[in-house]
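Listed below are the residues making up each chain.
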Protein chains: 6
Amino acid sequence: MFYHDDRLQYEVEVEEPNPVFAKMLQQAIGGVEGEIRVAMQYMFQAWAIPDEHAEYRAMVMDTAAEELGHIEMLATAVSKNLEGSPLSLADVSNDGEMGLATLAGMQPRQILSTGLNAMPVDSNGVPFNGSWVVASGNLAADMYANIMAESTGRLLATRLHEMTDDPGMKDMLEYLIARDTMHQNQWVELLKSLGDPEELLDVHPIPDSFPDEVENQEFNYAFLSTNAERQDDPGMPWTEGESPDGEGTFSYTTQHDIEGAPRNVDKADPQTFNEPAPQDED
Amino acid sequence: MFYHDDRLQYEVEVEEPNPVFAKMLQQAIGGVEGEIRVAMQYMFQAWAIPDEHAEYRAMVMDTAAEELGHIEMLATAVSKNLEGSPLSLADVSNDGEMGLATLAGMQPRQILSTGLNAMPVDSNGVPFNGSWVVASGNLAADMYANIMAESTGRLLATRLHEMTDDPGMKDMLEYLIARDTMHQNQWVELLKSLGDPEELLDVHPIPDSFPDEVENQEFNYAFLSTNAERQDDPGMPWTEGESPDGEGTFSYTTQHDIEGAPRNVDKADPQTFNEPAPQDED
Amino acid sequence: MFYHDDRLQYEVEVEEPNPVFAKMLQQAIGGVEGEIRVAMQYMFQAWAIPDEHAEYRAMVMDTAAEELGHIEMLATAVSKNLEGSPLSLADVSNDGEMGLATLAGMQPRQILSTGLNAMPVDSNGVPFNGSWVVASGNLAADMYANIMAESTGRLLATRLHEMTDDPGMKDMLEYLIARDTMHQNQWVELLKSLGDPEELLDVHPIPDSFPDEVENQEFNYAFLSTNAERQDDPGMPWTEGESPDGEGTFSYTTQHDIEGAPRNVDKADPQTFNEPAPQDED
Amino acid sequence: MFYHDDRLQYEVEVEEPNPVFAKMLQQAIGGVEGEIRVAMQYMFQAWAIPDEHAEYRAMVMDTAAEELGHIEMLATAVSKNLEGSPLSLADVSNDGEMGLATLAGMQPRQILSTGLNAMPVDSNGVPFNGSWVVASGNLAADMYANIMAESTGRLLATRLHEMTDDPGMKDMLEYLIARDTMHQNQWVELLKSLGDPEELLDVHPIPDSFPDEVENQEFNYAFLSTNAERQDDPGMPWTEGESPDGEGTFSYTTQHDIEGAPRNVDKADPQTFNEPAPQDED
Amino acid sequence: MFYHDDRLQYEVEVEEPNPVFAKMLQQAIGGVEGEIRVAMQYMFQAWAIPDEHAEYRAMVMDTAAEELGHIEMLATAVSKNLEGSPLSLADVSNDGEMGLATLAGMQPRQILSTGLNAMPVDSNGVPFNGSWVVASGNLAADMYANIMAESTGRLLATRLHEMTDDPGMKDMLEYLIARDTMHQNQWVELLKSLGDPEELLDVHPIPDSFPDEVENQEFNYAFLSTNAERQDDPGMPWTEGESPDGEGTFSYTTQHDIEGAPRNVDKADPQTFNEPAPQDED
Amino acid sequence: MFYHDDRLQYEVEVEEPNPVFAKMLQQAIGGVEGEIRVAMQYMFQAWAIPDEHAEYRAMVMDTAAEELGHIEMLATAVSKNLEGSPLSLADVSNDGEMGLATLAGMQPRQILSTGLNAMPVDSNGVPFNGSWVVASGNLAADMYANIMAESTGRLLATRLHEMTDDPGMKDMLEYLIARDTMHQNQWVELLKSLGDPEELLDVHPIPDSFPDEVENQEFNYAFLSTNAERQDDPGMPWTEGESPDGEGTFSYTTQHDIEGAPRNVDKADPQTFNEPAPQDED
């Protein structure tokens, strides 16, 4: 179960409120690279871990709860960036240079739906969507989802860092960037612990418990060129040499050289009223 | 630009059509783990790669075009599994044992919207959504997205493989599982090639071009426990020792032990009609 | 403005309630081929028609209000098909043959969210989405959207007609199919009235007010083959002869034979932290 | 910030796993009436409450964290109901009576995407959507959103309670129903505390800080009949007598009797290529 | 069934068209607080009311049809605010001060998809979504949904009223604000009529027909603190005294003081290829 | 299966990058009128065409692959319009006139999520949605969907053409407008070939294979006025004369003059906890 206190995990100060930056911050709250996504992703992953792996469950849930605190920090940052925000087109018209451009650059619903507060939507205004949550039941696959989430999340935070020159916002983002560094590392470490601890790639191919001999043995390490002109093997690391999972040797082929197959799609049942098929002899 | 021919990349045969399996196959077409997602993801990634890295662009686009062919194979498999499908509640009532259960287990729109063909939706019936496409401009982050996609994709294909005992469907899935093995390996190989080729993790923390010294140095390698009861350091690989990116040393702390910060959220502008704030002196 | 009375436009009777059919009917309510879509589409089209074309506005709005009455008929049909529906897994287990299959084939939210009534969702359970409404400001384009909507809508109604053998439901659907016949015809007639009344295709190319000479004159009537093997002109109606808009002559070419162009995509700004580009000289 | 421990708030036991019920439970997790919605709604409301009303913020956040624990209980209930679930069409065909119906009635992604665990989607399979979160900045409006959420939530829980006869599931739902009772009452109590504590309706019309005299005084307490036949005043509580907000007297009118207004919509700019308008003199 | 005439319910005049305000108005058309939502919500509620309560059905449908007329007014207001809108980046560049900011602040699809007219989307550009429609089958729950919708709707209208200084737009909004006042009052009145007419809260807990004694009697009137530090009872109206539904007495407890329960989540079936569970003995 | 080469189908040059135009171009990529929609629509249509109509399948797939090349051209155009884009609020504040307005008018995720590249979203920022793909199994219905898509697509391209004065962008759009002209014509030609080649409307009513005599014969050619005041027959082409499908004669009636039907909706099952119905005798 879950608990809270009224502290923020780290200081959130805004020297000069900027409503356009308030819009940009929404990406880190409700966007696909944002904190709601990771908080929910880590929760659902933790809930799928059985009791015998309680040490993984505890670790994943520790970070889930941490991410809830990041949503809170960013929501606070949005409210503070919206202080003194223009609320009237009349005001901005009188406002000389920057007024209309500021109102034009705001996220409309941050005024109209919340009264100058944060929402679970992204910077384009699109609501958070549960389909982004990856909790596959397979921890190795989940760890790649997590490293990806923390990589695109850190990328987002660095871009937000470039966008602002408010010292409070820069300081907050430097904290969040640091946490993304930690999280990238801890998920890699957990990934390593799933197989031979000396060998990150021991978990591949994911899922590793599917019997190797069942998959098609002709195509599992063959790079397939689809260039419209038949190309020679470029001799790249992915067309020759041992595969990184240590279980195969890369080879090279092209779509021109494989046999392929015809479609053999039959006519539809007349009850579907598909046409021309059902009646085309008429 | 793009070309096609009328061959399937690999044979798609169905011995005993099964409309419930036709529904399940939709996950591999229009689901978040499916082929439309990877086809579009690899295209948008390729289009963001500048000319000087044409060798990466070519490789990524080769596989994008291959994935289009996988959508085609799966769409064909759906049509073939829907052959002879029940179309009438009257028929299934007369059908003894399995009729109603089969109709109950079908995806309604595979009858009503397509006349027994495939759609760009998942097995729950939810349409493909462009928000799933990760093309961040940062190739290392993108490669983790790709390994994740091919890992959850292979996991999906193995679960579909368990679900069917149709030999044609098993054979098709063994081909697709093999391709996922290859793709996992080739994206890892590309990831390795982005940094020191001997060292997969040289690319971390992603993005690596953000100056290390700017991020908060107190929190970038500290595991943060959020347990409601203060816990001792469990001595796990993610709380002590060198971090896998080789740039830090893991440490351990808890939310009870960090300072945190107060919120300091002010009252709203009366023009927002937020209440009780604007009028609470009344 | 709008009015109502308490009559249904046409009788809705259900002899034998069928909860699986109640699910199927949702496609005609909240689906992309359904009645909410056309009701809203015709309203937004009407609202965009200026006063000088009041005769079109009146006609389009007449049918918008009619479609609201069709949603009402179908919502009533859903409620009546859900009468006596199984509400308990215990009951269906005791129910011998058909109980569990019926509950399995129902739409869960028709029990859980509405207490056995209709919802603005489709048969797969996906909510109605405003993005389906086409009201482009250009009446000719809108009429094609309307003919399409009434064609896929009639196709849906005929498939539902095949699915049921309840005489009340068949009768209701025969009414709705008839209205779709009428609506297809009236939108075609309106389309004809927009140009030379003797010539349906006088409105093409849509929009017709864009000056013909500005568009690229080499490619506006050329069929482009994209087959990976260069194909000869198949001599089809769309590769030779006069174009149906009467403004061009079809020709034939292939992607192998056009010049195309290089991409010329430059490296990204380092502030984006795109990689490898910004740092790849390092 | 947020904390967790590894206990469930209340016992979750399943005597006889039922995969169809696992699907139904998803409505209480990721549905519009479900626990993710209220958890996020209460968080975003709390974050918008300024410091001077810290007592409200604390209370709202107490319940937000409680709701996270309810998601956890329900996710556990889903996993337990999916134990021993059919995973293969071959197995269910051999399974005699109930096998296929069970597989037909499952949520496909609970097998294919999670390996028999819960997801942030509803019982129809539609993902949680951030647009459902109401946090308007106005606490009185928010409280109505919360009472509504707890009312539809309790309604959902009672329907789930009828659906199962598993004693463990009934016991868990009786706990959740009790919590919904409490939450309905506490939000009503908070609503009362916003105005005159003796008078629940003192907060109306919401927002109350908008000056009463500005709104149109002819139509603010007039019931408007839209029946196509002009109806007499039915003498209902909403057509006569004092209004419940204590600020007006109900009256009755009809759309036939109000003046209304013409539209006066002009032709479009030719640059829009709207037609027939831009070219209709031709 | 439904009817229309060509009048607007109330005058819609725009003195100075403002395309940025045209974007803002979309929230009142296609937003979660907007008129499409209430129109459809009241319709689906009315369709679920059985014949014996025809007086409620008539009243709810009266207002549903009224709301359709509000969409129409707002769509007209959007078209009028878009008159003379900038359509070319070249023009705005020459336009001195305000041109580019205006184009920057417009909703792109109001130009590109409609030719300067309204759409069923919100002010952020997100399409109307059918999941917002609450029609639960339980009229008391529905009335709370309606009061909430009219409260957030009135709040939205007051914020739009502050944003504009166009006298025509202010006049239209003062009409719509007045109608929201009426609708809040009429839904409260209907809610009162569902139980003891002297006692608004007689309907609680919703649904009231679920037997009181079945719900868990220990937790149904207990406020649960989730603060990470155990807090004393704050003596608030929601922790002591009679509950507003008149059926219980509030008490106070904390998550630290309740017993809770262990999870007991077992390993997954190997056929799911969940890992590490299925193979971790290896 | 599919192939690619590294050429663009037509030259994409940008003389003066414009980030606001980069946002507008997204409508042609990921919008409902855009290229992803038609590419996927034509693919799914082609995959539903049985072998005996291979000539249609080849033609539809030729254009599907062409449309993929158009996405590629537009994605390239987006990247080029984003070159030199403002990335920092500090920079734009120093930038005199146009800086802030430009940043305000950009699509946030084109900076934050992609590092200045294209995405599968529309100009409002809403992701591509698979529900837009029409592939009904009935080629005549599909052709109307295609003509509609190419009509709204050409309308979009002409509006984009007016918006820019960059010679490179105008040239690219004149190419795309030309292709839309061709595609409108080829789909009309295919539509004609489905019936009597001299008679476009021979395919109506769609689906034509449903037996004419089954549909309700009283209402299939009757225009239904829904005006609240009974109107006389206006003598329009859709109220009298032969219907364009050649199978009926238009007539005129009004909702006042048809009989209609009562609803007859019964009370709900008490297990639904619908209220007031289940308990209203109490």
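Computed from a predicted model, the values in this text were never measured in an experiment. (Residues numbered from 1 in each chain as written. Chains lettered and ligands numbered in written order. Predicted model: local features only at pLDDT ≥ 70, side-chain atom pairs only at ≥ 80, totals over all residues. Heavy atoms only, no water.)

1. Structural notes on the overall build of chain A
Now for step 1: Scanning chain A from N- to C-terminus turns up 8 helices and 3 strands.
Now for step 2: Listing every helix and strand of chain A by position from the N terminus yields β-α-α-α-α-α-α-α-α-β-β.
Now for step 3: Relative to the globule expectation of 19 Å for 282 residues, the C-alpha radius of gyration of chain A, 26 Å, shows a markedly less compact shape.
Now for step 4: Overall, chain A is about 70 × 65 × 45 Å in size when its C-alpha atoms are taken along their principal axes.
Now for step 5: Pairs at least 24 apart in sequence give 71% of the contacts found in chain A among residues at least 6 apart.
Now for step 6: Here chain A carries 14 positive and 53 negative side-chain charges, and the mean point of each set is 5 Å from the other. (Helix = DSSP H or I, 4+ residues; strand = E, 2+ residues; numbered from the N terminus. Rg over C-alpha atoms; globule rule 2.2 N^0.38 Å. Contact = heavy atoms within 4.5 Å. Lys, Arg positive; Asp, Glu negative; His and termini not counted. Charge placed at Lys NZ, Arg CZ, Asp CG, Glu CD.)

2. Digging into the interface of chain B and chain A
Now for step 1: Across the contact, 104 residues belong to chain B and 104 residues belong to chain A.
Now for step 2: Taken together, both faces of the contact between chain B and chain A bury some 8,700 Å²; the carbon and sulfur share is 61%.
Now for step 3: At the junction of chain B with chain A, the criterion picks out 6 salt bridges.
Now for step 4: Its salt-bridge partner being B:Arg154, residue A:Glu215 comes within 3.0 Å of it at the nearest N-O pair. (Buried area = accessible area lost by both parts, 1.4 Å probe. Salt bridge = Lys/Arg side-chain N within 4 Å of Asp/Glu carboxyl O.)

3. Points about the interface of chain F and chain E
Now for step 1: In this assembly, 43 residues from chain F lie in contact with 43 residues from chain E.
Now for step 2: With both sides pooled, the region where chain F packs onto chain E buries about 3,600 Å², and carbon together with sulfur makes up 57% of that total.
Now for step 3: Across the chain F-chain E interface, the total number found is 2 salt bridges.
Now for step 4: Here E:Arg109 ties to F:Glu33 by a salt bridge, and the two come within 3.8 Å at their closest N and O atoms.
Now for step 5: Counting every contact that joins chain F to chain E gives 16 residue pairs in polar contact (both at pLDDT 80 or more).
Now for step 6: Mapped by element, the contributors of at least two residues to the side of chain F that touches chain E are helix 1 (19-30), helix 5 (99-105) and helix 7 (139-163) of chain F.
Now for step 7: A breakdown of the residues in the side of chain F that touches chain E according to their chemical character gives 17 nonpolar, 14 polar and 12 charged. (Polar contact = N/O pair within 3.5 Å; in protein donor to acceptor, adjacent residues only side chain to side chain. Nonpolar A, V, L, I, M, F, W, Y, C, P; charged D, E, K, R; others polar.)

4. Topic: helix 8 (residues 167-193) of chain D
Every α-helical turn comprises 3.6 residues, leaving residues that sit three or four positions apart pointing alike.
All names here are of chain D.
Now for step 1: Look at helix 8: 39 Å from first C-alpha to last across 27 residues, which is about the 39 Å you get at 1.5 Å a residue.
Now for step 2: Burial within helix 8 is extensive, with 23 of its 27 residues counted as buried.
Now for step 3: The opening residue of helix 8 is Asp166, an N-cap whose side-chain oxygen sits 3.0 Å from the backbone nitrogen of Gly168. (Expected span 1.5 Å × (residues − 1). Buried < 20%, exposed > 50% of the residue type's maximum accessible area, 1.4 Å probe, protein only.)

5. What to know about the packing of aromatic side chains
Now for step 1: Counting across every chain of the model gives 60 aromatic pairs over all chains.
Now for step 2: Aromatic pair E:Phe128 and E:Trp132: ring centres 5.4 Å apart, planes at 85°, arrangement edge-to-face.
Now for step 3: Owing to a relative accessible area of 0%, E:Phe128 belongs among the buried residues under this scheme.
Now for step 4: According to the relative accessible area criterion, E:Trp132 is buried, its value standing at 4%.
Now for step 5: One aromatic cluster in this structure is built from A:Phe128, A:Trp132, D:Phe128 and D:Trp132. (Phe/Tyr/Trp six-rings, centres within 6.5 Å; stacked < 30°, edge-to-face > 60°.)

6. Observations concerning the pattern of salt bridges
Now for step 1: Applying the stated rule across the entire model yields 61 salt bridges over all chains.
Now for step 2: Across the salt bridge formed by E:Asp257 and E:Arg230, the nearest N and O atoms sit 3.1 Å from each other. Here E:Asp257 is found in the segment after strand 3 (251-254), whereas its partner E:Arg230 is found in the loop between strand 2 (222-225) and strand 3, with 27 residues between them in sequence.
Now for step 3: Linked by salt bridges that have partners in common, A:Asp6, A:Glu72, B:Arg263, D:Asp51 and D:Arg57 make up one network.

7. A few points about the relation of the copies chain F and chain E
Both copies of the chain are related by one operation, a rotation about an axis with a shift along it.
Now for step 1: The transformation that overlays chain F on chain E combines an axial shift of 0.0 Å with a rotation of 120°, and the residual RMSD is 0.0 Å. The superposition operator between the copies reduces to a three-fold rotation axis. The C-alpha atom lying nearest the rotation axis in chain F is that of F:Ala101; the distance is 2.8 Å.
Now for step 2: A share of only 9% of interface residues in chain F that are also interface residues in chain E marks the association as one of differing surfaces. (Least-squares fit on C-alpha atoms with pLDDT ≥ 70 in both.)

8. Some remarks on the relation of the copies chain B and chain A
Now for step 1: Between chain B and chain A, the superposition needs a rotation of 180° and an axial shift of 0.0 Å, giving an RMSD of 0.0 Å. Such values leave the two copies arranged in the relation of a two-fold axis. Judged by C-alpha distance, B:Tyr144 is the residue of chain B that lies nearest the rotation axis, at 3.1 Å.
Now for step 2: Looking at the interface residues of chain B, 100% of them are also at the interface in chain A, so both copies use one shared face.

9. A short note on the side chain of C:Glu66
Now for step 1: Looking at the element boundaries, C:Glu66 is found in helix 3 (residues 54-81).
Now for step 2: When its relative accessible area of 1% is taken as the criterion, C:Glu66 is described as buried.
Now for step 3: Here the side chain of C:Glu66 touches C:His183 through a polar contact of 3.0 Å, side chain to side chain.
Now for step 4: Apart from the residues lying within four places of it in its own chain, the contact partners of C:Glu66 are C:Gln9, C:Arg179, C:His183, F:Leu224, F:Thr226 and F:Gln255.

10. Describing the environment of C:Asp196
Residues and elements named next belong to chain C.
Now for step 1: With respect to the secondary-structure elements, Asp196 resides in the loop between helix 8 (167-193) and strand 2 (222-225).
Now for step 2: Since its relative accessible area comes to 38%, Asp196 is described here as partly exposed.
Now for step 3: C-alpha of Asp196 to C-alpha of Pro17: the two residues are 179 residues apart in sequence and 50 Å apart in space.

11. Some words on the environment of A:Leu103
Residues and elements named next belong to chain A.
Now for step 1: Along the chain, Leu103 falls in helix 5 (residues 99-105).
Now for step 2: Relative accessible area serves as the criterion here: at 0%, Leu103 is assigned to the buried category.
Now for step 3: Sequence spacing of Leu103 and Leu87 is 16 residues, and the spatial spacing of their C-alpha atoms is 7.9 Å.
Now for step 4: In this structure, Leu103 is in contact with Pro86, Leu89, Val92 and Ile111, ignoring residues within four places of it in sequence.

12. A look at the side chain of C:Thr114
Now for step 1: Here C:Thr114 shows up in the loop between helix 6 (108-112) and helix 7 (139-163).
Now for step 2: Here C:Asn117 takes part through its backbone nitrogen, which lies 3.0 Å from a polar atom of the side chain of C:Thr114.
Now for step 3: Sequence-distant contacts of C:Thr114, that is, excluding residues within four places in its chain, are made with C:Arg109, C:Met119, D:Arg159, E:Ala135, E:Ser136, E:Gly137 and F:Asn274.

13. A few points about the confidence of the model for chain A
Now for step 1: When pLDDT is averaged across chain A, the result is 93; 96% of the residues are at 70 or more.
Now for step 2: In the model of chain A, helix 4 (residues 89-93) of chain A stands out as the element of lowest mean pLDDT, 79, in contrast to helix 2 (residues 35-47) of chain A, which has the highest, 98. (pLDDT = per-residue confidence, 0-100.)

14. So, a negative patch on the surface
Residues and elements named next belong to chain A.
Now for step 1: A surface patch of like charges, here negative, comprises Asp196, Glu198, Glu199, Asp202, Asp212, Glu213 and Glu247.
Now for step 2: Along the chain, Glu199 turns up in the loop between helix 8 (167-193) and strand 2 (222-225).
Now for step 3: Judged by its relative accessible area of 40%, Glu199 falls in the partly exposed class. (Patch = residues over 30% accessible without salt bridge, like charges linked within 9 Å, V, L, I, M, F, W, Y side chains within 5 Å. Areas by Shrake-Rupley, 256 points an atom, 1.4 Å probe, with all protein chains shown as cover.)

15. Observations regarding the pairing of strand 2 (residues 222-225) of chain F
All names here are of chain F.
Now for step 1: Residues Ala222 and Leu224 line one face of strand 2 and the alternating positions Phe223 and Ser225 line the opposite face, and both faces are buried.
Now for step 2: Where strand 2 meets strand 3 (residues 251-254), 4 bridges bridge the pair, whose relative direction is parallel. Along strand 3, the bridge assignment pairs Phe223 with Tyr252. (Pairing = 2+ DSSP bridges.)

16. Some words on the packing of helix 1 (residues 19-30) of chain E against helix 3 (residues 54-81) of chain E
Residue and element names in this part refer to chain E.
Now for step 1: Between helix 1 and helix 3, whose axes approach to 8 Å, the crossing angle comes to 165°. It follows from the interaxial angle that helix 1 and helix 3 lie roughly antiparallel. The handedness of the crossing between helix 1 and helix 3 comes out as left-handed. On helix 3, the residues that touch Pro19, Phe21, Ala22, Leu25, Gln26, Ala28 and Ile29 of helix 1 are Ile71, Leu74, Ala75, Ala77, Val78 and Asn81.
Now for step 2: Classifying every residue of the contact of helix 1 with helix 3 gives 11 nonpolar, 2 polar and no charged. (Axes fitted to C-alpha atoms, helices over the stretch in contact; angles between N-to-C directions. Parallel < 35°, antiparallel > 145°, perpendicular 65-115°, else oblique. Left-handed = near helix turned anticlockwise from the far one by under 90°.)

17. Observations regarding the packing of helix 3 of chain C against helix 8 of chain C
How two helices sit against one another is set out by the angle between their axes and by the gap between those axes.
Residues and elements named next belong to chain C.
Now for step 1: Where helix 3 contacts helix 8, the two axes come as close as 12 Å, and the packing angle between them is 160°. Viewed along their axes, helix 3 and helix 8 adopt a mutual orientation that is roughly antiparallel. Taken as a pair, helix 3 and helix 8 cross one another with a handedness that is left-handed. Contacts between helix 3 and helix 8 pair Tyr56, Met59, Val60, Thr63, Glu66, Glu67, His70, Met73, Leu74, Ala77 and Asn81 from the former with Met169, Met172, Tyr175, Leu176, Arg179, His183, Gln186, Trp187, Leu190 and Ser193 from the latter.

18. What about unusual backbone geometry?
Now for step 1: In this chain, B:Glu275 is followed by B:Pro276 through a cis amide linkage whose omega measures 5°.
Now for step 2: A cis amide bond links C:His204 with the next residue in sequence, C:Pro205, at an omega value of -10°.
Now for step 3: Although it is not a glycine, B:Phe273 sits at a positive phi angle of roughly 60°.
Now for step 4: Within the secondary structure, B:Phe273 is located in the segment after strand 3 (251-254).

19. A closer look at the environment of F:Thr114
Now for step 1: The exposure class of F:Thr114 is buried, given its relative accessible area of 2%.
Now for step 2: Separated by 53 residues in the primary sequence, F:Thr114 and F:Met61 have C-alpha atoms spaced 30 Å apart.
Now for step 3: Beyond its immediate stretch of four places on either side in the chain, F:Thr114 contacts A:Arg159, B:Ala135, B:Ser136, B:Gly137, C:Asn274, F:Arg109 and F:Met119.

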